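# Coordinate inspection notes
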Amino acid sequence: METRTEPAWLVVMGVSGCGKSSLGQALAADLGLPLIEGDDFHPEANIRKMQSGTPLNDEDRAGWLIRLGEELASRPAGAVLTCSALKRAYRDRLRSAVPGLRFVFMQIDKSEALARVQARSAVHIFPASLVDSQFQTLESPVGEPGVLSVPATAPLAQSAAQVRAWLQAEARPALPAAPAQS
Ligand SMILES: Nc1ncnc2c1ncn2[C@@H]1O[C@H](COP(=O)(O)OP(=O)(O)OP(=O)(O)O)[C@@H](O)[C@H]1O
Ligand SMILES: O=C(O)[C@H](O)[C@@H](O)[C@H](O)[C@H](O)CO
C-alpha cells in the first residue's frame with residue numbers, strides 16, 4: 001500500500017555537549033526540514049547567566065520554551081528543533097504547542113559530555129562547570145510517547161539513519177480517497 005510521510009516535528013534533546021546541534025543539522029538536511037537552533041532563542045539574560053557559571057532555572061527557561069513552541073508551530077511542513085528539554089514539564093510545554101511532537105534523546109555519560117564541553121570552551125557560551133547541573137536537572141524522557149533514544153557517541157550518519165527509519169516506521173498509511181458525493 002502506498003504510504004505518505006506526514007509532516008514531522010522533531011526535537012533533538014539532551015544535556016549540553018551531547019550533539020544536538022550536530023545531529024539536528026544532519027537531520028534537517030536529510031529530511032529537508034527547517035532547523036530551529038534552540039540556543040539562538042535564549043534571551044540575553046540567559047546567555048549572561050550561563051556564561052557567568054549559574055545554571056538556568058525553571059523561570060529562566062519558561063519564556064524560552066514558549067517561544068520555541070511558537071517557532072515549531074509556525075512551520076506547517078515540520079521542523080527540527082535543537083533544545084535541551086531537560087525536564088518532563090519542558091517537553092510537555094513544547095508538546096502543547098505541537099501535539100504529537102517527537103523527541104530524539106541523545107544519551108551521553110557525564111565524562112564524555114564534560115570532555116566535549118571542555119574541548120570547545122574557548123568558543124562556546126556554555127562553561128564546563130555547568131555540565132554537572134545539566135545531569136542533575138535531566139529527567140529521562142525514556143518511556144514517554146514519541147521518544148527515540150540514540151547513543152551520543154554513534155557516528156552522526158548512523159544516528160540520522162536510525163531517526164529516518166523510526167519516522168518511516170511510524171508514518172501512517174495514506175487515507176483512502178473519500179467517496180465522491182452524489
Ligand atoms: N556523534 C559524535 N561523535 C563525536 N563527537 C561529536 C558527535 N556529535 C557531536 N560531537 C562533538 O561534540 C561537541 C558538542 O556537539 P554539539 O555542539 O552538536 O552539542 P550540543 O548538544 O548542541 O551542545 P550545546 O547544547 O551545549 O550547544 C562538538 O565538538 C561536536 O563536534
Ligand atoms: O536548558 C539549558 O540549560 C540550556 O538550554 C543549555 O542546555 C544550553 O542552552 C546549552 O547546552 C548551551 O549550548
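Every value quoted in this text rests on a predicted model; they were computed, and no experiment measured them.

### Let's talk about the site of ligand 2
Neighbouring residues of ligand 2: Ser16, Asp39, His42, Met50, Arg61, Trp64, Ser84, His124, Phe126 and Gln134. Contact distances for ligand 2 include 2.5 Å between an oxygen atom and a side-chain N or O atom of Asp39. A distance of 2.7 Å separates an oxygen atom of ligand 2 from a polar atom in the side chain of Ser84. Against a free-state accessible area of 330 Å², the protein chains account for coverage of 97% of ligand 2.

### Description of helix H3 (residues 58-73)
Taking 1.5 Å of rise per residue, 16 residues should cover 22 Å, and H3 covers 22 Å from first to last C-alpha, within 8% of that figure. Among all positions in H3, only Asp60, Arg61, Trp64, Leu65, Leu68, Gly69, Glu71 and Leu72 are buried. Contacts made by the buried residues of H3 are with strand S1 (8-13), strand S2 (35-37), helix H2 (44-51), strand S3 (78-82), helix H4 (88-97) and helix H6 (131-137). Two or three places before Glu59, at the start of H3, stands the capping residue Asn57, its side-chain oxygen 3.1 Å from that residue's backbone nitrogen.

### What to know about the nonpolar core
Leu10, Leu23, Leu27 and Val163 are the most contacted members of the largest nonpolar core, which has 29 residues in total. Mapped onto this core, the elements with two or more residues apiece are S1, helix H1 (20-31), strand S4 (102-107), helix H5 (110-119), strand S5 (147-151) and helix H7 (156-170). Tallying contributions element by element places H7 first for this core, with four residues. Excluding its chain neighbours within four sequence positions, the residues that come into contact with Leu27 are Leu10, Val12, Gly32, Val80, Ala160 and Val163. Judged by nonpolar contacts, the second largest core, of 19 residues, contains Val11, Tyr90, Val98 and Phe105.

Parameters at a glance
Residues numbered from 1 in each chain as written. Chains lettered and ligands numbered in written order. Predicted model: local features only at pLDDT ≥ 70, side-chain atom pairs only at ≥ 80, totals over all residues. Heavy atoms only, no water. Near = heavy atom within 4 Å. Polar contact = N/O pair within 3.5 Å; in protein donor to acceptor, adjacent residues only side chain to side chain. Areas by Shrake-Rupley, 256 points an atom, 1.4 Å probe, with all protein chains shown as cover. Helix = DSSP H or I, 4+ residues; strand = E, 2+ residues; numbered from the N terminus. Expected span 1.5 Å × (residues − 1). Buried < 20%, exposed > 50% of the residue type's maximum accessible area, 1.4 Å probe, protein only. Contact = heavy atoms within 4.5 Å. Core = buried A, V, L, I, M, F, W, Y, C linked by side-chain atoms within 4.5 Å.

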